[in-house]
Amino acid sequence: MYKFIINGGNKLEGCVSISGAKNAAVAIVAATILCDEPCVLENVPDISDTAICAKILHEMGASINYTNKNTILIDTRNIKSPVVPLELARSMRASSYFLGTLLGRFHEAYVPMPGGCDLGDRPIDQHIKAFDHLGATHEIVNGTVHVKADMLIGNQIYFDFITVGGTINAIFAAVKANGLTIIENAAKEPHIVDLANFLNSMGADIRGAGTDVIKVRGVEYLKGISYGIIPDQIEAGTYMVAAAATRGDVLIKNVIPKHLESITVNLRKMGVKVEEFDDSVRVSVEGPIMKNNVKTMPHPGFPTDMQPQLSTLLTIADGTSIVTDDIFDNRFRYVGELRKMGAEITVKDKIAIIQGVDGLKGAPVKATDLRAGAALIIAGLCSEGITQIDDIFHIERGYECIEEKLQAMGADIKRVYCQPMDSVAITG
Ligand code: EPZ
């Protein structure tokens with residue numbers, strides 16, 4: 001299996017270009033099931049989650065042609081069955097999107113309960129609620145969700161709490177339903193707007209994406225288009241924090257600064273210099289990193305997907321910080337790994353109290369999920385000595401060429417293969 005070996009202490013300098021947004025790409029690839037013609041998707045991140053989504057479509061009968069590693073021609077017209085293959089679907093959360101798209105096209109779907117990062121219980125009751133409101137019935141048999149509808153009829157859907165996946169699946173089920181669907185208490189993430197733009201470019205009628213009320217008027221036909229996916233705000237934020245943690249000076253290109261606002265505001269509060277340009281931001285540090293109290297919120301608040309990364313920066317800030325993340329049951333599983341590197345963090349329920357230390361020390365650690373893995377890379381980059389990160393498959397689900405991008409900015413990071421039970425000798 002592969003590990004990252006990082007020799008910490010190098011400042012990140014120069015520039016990095018951000019790839020397409022993972023959470024937009026997985027939704028848009030799934031959305032091609034609703035399209036009545038072939039589609040070309042551009043700026044698709046070359047990561048395992050998007051590859052698995054495309055593989056699922058291919059196994060179901062779609063034709064998938066990569067014109068390059070970031071551009072895919074997808075034709076789903078040959079998909080005849082609403083059954084998603086078990087093994088692939090269980091590996092990620094985004095497989096839940098096949099429920100909404102297959103229901104929207106075939107009025108039926110069989111999808112295994114989704115997998116994805118282990119952040120605690122991740123039910124799909126709100127997704128099911130949306131489908132039920134549009135006229136579907138559902139059952140879960142042997143871990144497979146079966147939804148079915150004689151007809152999908154537009155209706156009002158009010159989510160009990162904000163859910164990104166629930167909002168996306170409600171749009172999928174409504175886009176070809178009869179009549180008007182009003183989705184209230186909708187999530188407002190940039191990738192929901194990107195998905196709505198993709199579907200509207202094909203001829204859908206979706207209004208209000210990016211606000212908490214989204215109106216979807218059903219249409220009969222969605223034409224094929226070429227569509228470029230937005231840049232990944234979380235990948236960009238990860239490199240912003242890495243630049244700050246190494247006290248570097250980095251230009252992060254191909255971003256939408258508006259999508260980074262909550263990250264920029266919090267970094268500036270911590271004494272980090274962030275300069276915004278049309279499609280890039282420059283991050284540098286002159287003085288000390290200062291403490292900060294942060295609570296994760298749905299967009300436009302500070303994203304939970306940036307919490308492990310920012311918390312890592314806070315471990316070397318001056319003073320004590322408090323981080324609250326109650327969006328998931330347990331988004332602090334990485335804290336034990338940071339403690340091995342000398343971080344002083346205590347977690348009680350969904351609140352972390354972080355006492356800044358002078359510096360971290362390299363150690364052998366393990367990625368527990370995607371963003372936790374990114375946080376451990378940041379910790380390794382700013383540590384003294386060598387850090388070995390196991391289970392990097394988590395990281396490769398969501399970050400395209402992360403070691404190459406970091407190497408280009410001066411990081412001493414290598415991706416090495418180790419036989420299971422091998423441990424790379426850690427030398428100081
Ligand atoms: C999406 O997950 C993202 N994943 C997550 O990113 C992200 O952390 C999350 O949104 C919040 O922004 C993808 O887009 C593939 P939710 P999702 O539905 O849709 C609970 C990453 O690192 N809930 O907004 O699963 C749920 O358990 C990943 O890129 C229900 O209880 O998030 C969670 O506690 C990690 N019932 C909270 O709501 C439901 O029916 C928010 O979940 C749905 C959700």
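The structure under discussion appears in the preceding block.
Residues numbered from 1 in each chain as written. Predicted model: local features only at pLDDT ≥ 70, side-chain atom pairs only at ≥ 80, totals over all residues. Heavy atoms only, no water.

Asker: Please clarify how the site of the ligand should be interpreted in this entry.
Answerer: Neighbouring the ligand are 23 residues, the closest being Arg-93, Gln-126, Thr-163, Asp-305 and Ile-327. Between the ligand and the protein, one listed contact pairs a nitrogen atom with a side-chain N or O atom of Asp-125 at 2.7 Å. Measuring from an oxygen atom of the ligand, one finds a side-chain N or O atom of Arg-371 at 2.9 Å. When the ligand is considered free in solution it has 830 Å² of accessible area, and contact with the protein chains removes 92% of it. Elements with a contribution of two residues or more to the shell around the ligand: helix 1 (22-31), helix 5 (125-133), helix 6 (164-174) and helix 12 (370-381). No other element matches the 3 residues that helix 5 contributes to the shell around the ligand. (Near = heavy atom within 4 Å. Polar contact = N/O pair within 3.5 Å; in protein donor to acceptor, adjacent residues only side chain to side chain. Areas by Shrake-Rupley, 256 points an atom, 1.4 Å probe, with all protein chains shown as cover. Helix = DSSP H or I, 4+ residues; strand = E, 2+ residues; numbered from the N terminus.)

Asker: Teacher, can you tell me more about the pattern of salt bridges here?
Answerer: Two side chains carrying opposite charge are able to pair once their charged atoms lie near each other. The tally for this structure, following the rule as stated, stands at 20 salt bridges. Of the charged contacts in the structure, one is a salt bridge between Arg-331 and Asp-305, with a shortest N-O distance of 2.7 Å. Residue Arg-331 is located in the loop between strand 18 (320-324) and helix 11 (335-339), and its partner Asp-305 is located in the loop between strand 17 (294-295) and helix 10 (307-314); the two are separated by 26 residues in the primary sequence. Exposure remark for Arg-331: the relative accessible area of 3% places this residue in the buried category. In this structure, Asp-329 engages Lys-350 in a salt bridge whose closest nitrogen and oxygen atoms are separated by 3.9 Å. Here the residue Asp-329 occupies a position in the loop between strand 18 and helix 11, and Lys-350 occupies one in the loop between strand 19 (344-348) and strand 20 (351-355), the gap between them amounting to 21 residues. Here Asp-329 falls in the partly exposed class, since its relative accessible area comes to 40%. Within this structure, Lys-22, Asp-49 and Arg-397 form a network of salt bridges that share partners. (Salt bridge = Lys/Arg side-chain N within 4 Å of Asp/Glu carboxyl O. Buried < 20%, exposed > 50% of the residue type's maximum accessible area, 1.4 Å probe, protein only.)

Asker: Looking at this structure, I do not really get the packing of aromatic side chains. What am I missing?
Answerer: Both the distance between ring centres and the angle between the ring planes are used here to describe each pair of aromatic rings. Counted by the stated rule, this structure contains 4 aromatic pairs. A centroid spacing of 6.0 Å and a plane angle of 70° characterise the contact between Tyr-97 and Phe-172, whose relative ring orientation is edge-to-face. With Tyr-97 in helix 4 (residues 97-106) and Phe-172 in helix 6, this pair connects stretches of sequence that are 75 residues apart. When sorted by exposure, Tyr-97 lands in the same class as Phe-172, which is buried. (Phe/Tyr/Trp six-rings, centres within 6.5 Å; stacked < 30°, edge-to-face > 60°.)

Everything listed here is a matter of geometry and, on its own, says nothing about what the molecule does.
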